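Below, each chain spelled out in residue letters.
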Amino acid sequence: MQLGVHALVFTGTFDRAGLTTAVESTRAAGFDLLEIPLMDPYGFDRKLAAGLLADNGLAVTASLGLSDATDLTSANPAAVEAGERMLEECLDIVAAMGGRHLCGVIYSAMKKYLEPPTQAGRASSAAALGRLAARAADLGITLSLEVVNRYETNLMNTGRQALAFLDEIGSDAVRVHLDTYHMHIEESDMFSPVLDVGDRLGYVHIGESHRGYLGSGTVDFDPFFRALARVGYDGPVVFESFSSAVVNDDLSRALGIWRNLWQDSDDLAAHAQRFIRDHLHAVGSIAMH
Ligand code: MN
């Protein structure tokens, strides 16, 4: 299992200075992996990132949320086309960096919709993701669809809804991405969704209810980690936290990051790394009980 951290813990920019800060801080905090948000894939220097990651011995994943202009569920064919092209670019970037995972809200825009999804929108997104999955499989990359709360998508808000959508896509290269922050809002508990998703779980985000320090909010982490052990999950487990202390304009607006939950990225990250590793260590022993 690889423990990772989202780059927005350390930097809001992805030029040489920002990437260097993110990579070096990830290693210093004891993580194995850096998740890079590809909010601007066409402006991202994959060669620079690959070199920095290799120099620091880190694995990499990438994530993003689509926008109105790239929404795969849109009734506007130009937006669907732009979304598919952008996700192809992201797959190429992940491959160039040696990564094996692309995740996030890559099936709809990441925004508060004012209407439920349409059948045509679902079908459009499922068809595009089916084509992207074939490309991903060729590159050895897993696409994981992040289940997020009702204020960030209308397409799926629970693990079981994600499984139903995966069945519509019909590709083994597409998996479910669960996030404790979103689960805490939408799911019946923190244990059953992991069992429901089972071996179709491809990616995990660990976030607190307010997205700050783990253990300082209301997410019930113990049953979630027990469930990961129960299903034998072996994929990335990535800490996600946001504060107005580190700002990326697009993502901060989309996620509603309006206040300061921490100041010291390095302390936050080192704490999260210990918290997650200790929980996984403990639940690993349950197999002997
Ligand atoms: Mn997340």
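Structure: see above.
As a starting point, this report considers the structure included with it. (Residues numbered from 1 in each chain as written. Predicted model: local features only at pLDDT ≥ 70, side-chain atom pairs only at ≥ 80, totals over all residues. Heavy atoms only, no water.)

**Some details on the overall build of the chain**
Item 1. On a plain count of helices and strands, the chain comes out with 10 helices and 8 strands.
Item 2. Taking 289 residues into account, the globule formula puts the C-alpha radius of gyration at 19 Å, and the chain, at 18 Å, falls close to it.
Item 3. When the backbone C-alpha atoms are referred to their principal axes, the chain occupies close to 45 × 45 × 40 Å.
Item 4. Counting the 289 residues in the chain, one finds 57% classified as buried.
Item 5. Taking the intrachain contacts of the chain between residues at least 6 apart in sequence as the baseline, contacts between residues at least 24 apart amount to 76%.
Item 6. Counting only carbon and sulfur atoms, one obtains 48% of the accessible surface of the chain, whose full area is about 12,000 Å².
Item 7. The centroid of the 22 positive side-chain charges in the chain is displaced by 2 Å from the centroid of its 38 negative side-chain charges. (Helix = DSSP H or I, 4+ residues; strand = E, 2+ residues; numbered from the N terminus. Rg over C-alpha atoms; globule rule 2.2 N^0.38 Å. Buried < 20%, exposed > 50% of the residue type's maximum accessible area, 1.4 Å probe, protein only. Contact = heavy atoms within 4.5 Å. Areas by Shrake-Rupley, 256 points an atom, 1.4 Å probe, with all protein chains shown as cover. Lys, Arg positive; Asp, Glu negative; His and termini not counted. Charge placed at Lys NZ, Arg CZ, Asp CG, Glu CD.)

**Thoughts on the environment of Leu255**
Item 1. Along the chain, the position of Leu255 falls in helix H9 (residues 249–255).
Item 2. Put simply, Leu255 and Glu152 are 103 residues apart on the chain and 7.8 Å apart in space, counted from C-alpha to C-alpha.
Item 3. In contact with Leu255, other than residues within four places in its own chain, are Met110, Glu152, Arg211 and Phe242.

**Observations regarding the nonpolar core**
Item 1. Residues Leu102, Leu145 and Ile276 are the most contacted members of the largest nonpolar core, which totals 91 residues.
Item 2. Those residues within four positions of Leu102 in sequence are excluded, and the remaining contacts are Ala62, Ser63, Leu64, Leu87, Cys90, Leu91, Val94, Ile141, Thr142, Leu143 and Ser144. (Core = buried A, V, L, I, M, F, W, Y, C linked by side-chain atoms within 4.5 Å.)

**Quick word on unusual backbone geometry**
Item 1. Located in the positive-phi region is Arg211, a residue other than glycine, with phi close to 70 degrees.
Item 2. Arg211 sits in the buried class, given a relative accessible area of 4%.

**Brief notes about the coordination of the manganese ion**
Item 1. Those donors, Glu146 (OE), Asp179 (OD), His205 (ND1) and Glu240 (OE), are the protein atoms that reach the manganese ion, and they lie 2.0 to 2.2 Å from it.
Item 2. Mapping the donors of the manganese ion onto the primary sequence gives the spacing E-x32-D-x25-H-x34-E. Separated by 94 residues along the polypeptide, Glu146 in strand E5 (residues 142–146) and Glu240 in the loop between strand E8 (237–239) and H9 bring together distant segments of the chain.
Item 3. Residue classification places Glu146 among the buried residues on the basis of a relative accessible area of 6%. (Donors = N, O, S within 2.8 Å, 3.2 Å for Na, K, Ca; no water.)

**Side note on the sheet that holds strand E1 (residues 3–6)**
Item 1. The 8 strands lie next to each other as E1-E2-E3-E4-E5-E6-E7-E8, forming a closed barrel whose pairing is parallel. The average undirected angle you get between the axes of adjacent strands in this sheet is 30 degrees. (Pairing = 2+ DSSP bridges. Axes fitted to C-alpha atoms, helices over the stretch in contact; angles between N-to-C directions.)

**Some details on the pairing of E1**
Item 1. Of the two faces of E1, the one holding Leu3 and Val5 and the one holding Gly4 and His6 are both buried throughout.
Item 2. In terms of strand pairing, E1 meets E8 through 3 bridges, oriented parallel. Residue pairing across strands places Gly4 opposite Val238, the latter belonging to E8.
Item 3. Bridge analysis of E1 against strand E2 (residues 33–37) gives 3 bridges, and the strand direction is parallel. Paired with Val5 across the strands is Leu34, a residue of E2.
Item 4. Remark: the E1/helix H1 (residues 16–28)/E2 crossover connection has right-handed handedness. (Right-handed = clockwise from strand over helix to strand, strands pointing away.)

**Here we look at the side chain of Asn248**
Item 1. Mapped onto the elements, Asn248 comes out in the loop between E8 and H9.
Item 2. You can call Asn248 buried: its relative accessible area is 13%.
Item 3. If near-sequence neighbours (up to four positions away) are discounted, Asn248 is found in contact with Leu8, Gly12, Phe14 and Met39.

**Thoughts on the pattern of salt bridges**
Item 1. Counted according to the given criterion, the structure contains 13 salt bridges.
Item 2. Put simply, Arg211 and Glu240 hold a salt bridge, and the shortest N to O gap is 3.5 Å. Of this pair, Arg211 sits in the loop between strand E7 (201–206) and helix H8 (221–231) while Glu240 sits in the loop between E8 and H9, and the two are 29 residues apart along the sequence.
Item 3. Salt bridges sharing partners connect three or more residues here, namely Glu81, Glu84, Arg85, Glu88 and Arg131. (Salt bridge = Lys/Arg side-chain N within 4 Å of Asp/Glu carboxyl O.)

**Side note on the packing of aromatic side chains**
Item 1. Counting across every chain of the model gives 3 aromatic pairs.
Item 2. With a centroid separation of 6.3 Å and an interplanar angle of 35 degrees, the aromatic rings of Phe221 and Phe225 are classed as tilted. With Phe221 and Phe225 both in helix H8 and 4 residues apart, the pair spans about one turn of that helix.
Item 3. Look at Phe224 and Phe225: their rings are 6.0 Å apart centre to centre, the planes differ by 75 degrees, and that puts the pair in the edge-to-face class. Summarising the burial analysis for this pair, Phe224 and Phe225 share the class buried.
Item 4. The ring of Tyr113 carries Lys111 above its face, with NZ or CZ at 4.7 Å from the centroid.
Item 5. The ring centre of Tyr181 lies 3.8 Å from the NZ or CZ of Arg211, which sits over that ring. (Phe/Tyr/Trp six-rings, centres within 6.5 Å; stacked < 30°, edge-to-face > 60°. Lys NZ or Arg CZ within 6 Å of the ring centre and 35° of its normal.)

**Focus: H8**
Item 1. Within the span of H8, buried status applies to Phe221, Pro223, Phe224, Phe225, Ala227 and Leu228.
Item 2. Along its buried surface, H8 packs onto helix H6 (180–186), helix H7 (192–197), E7 and helix H10 (265–284).
Item 3. Two residues or fewer after H8 comes Gly232, characterised by a positive phi angle close to 70 degrees.

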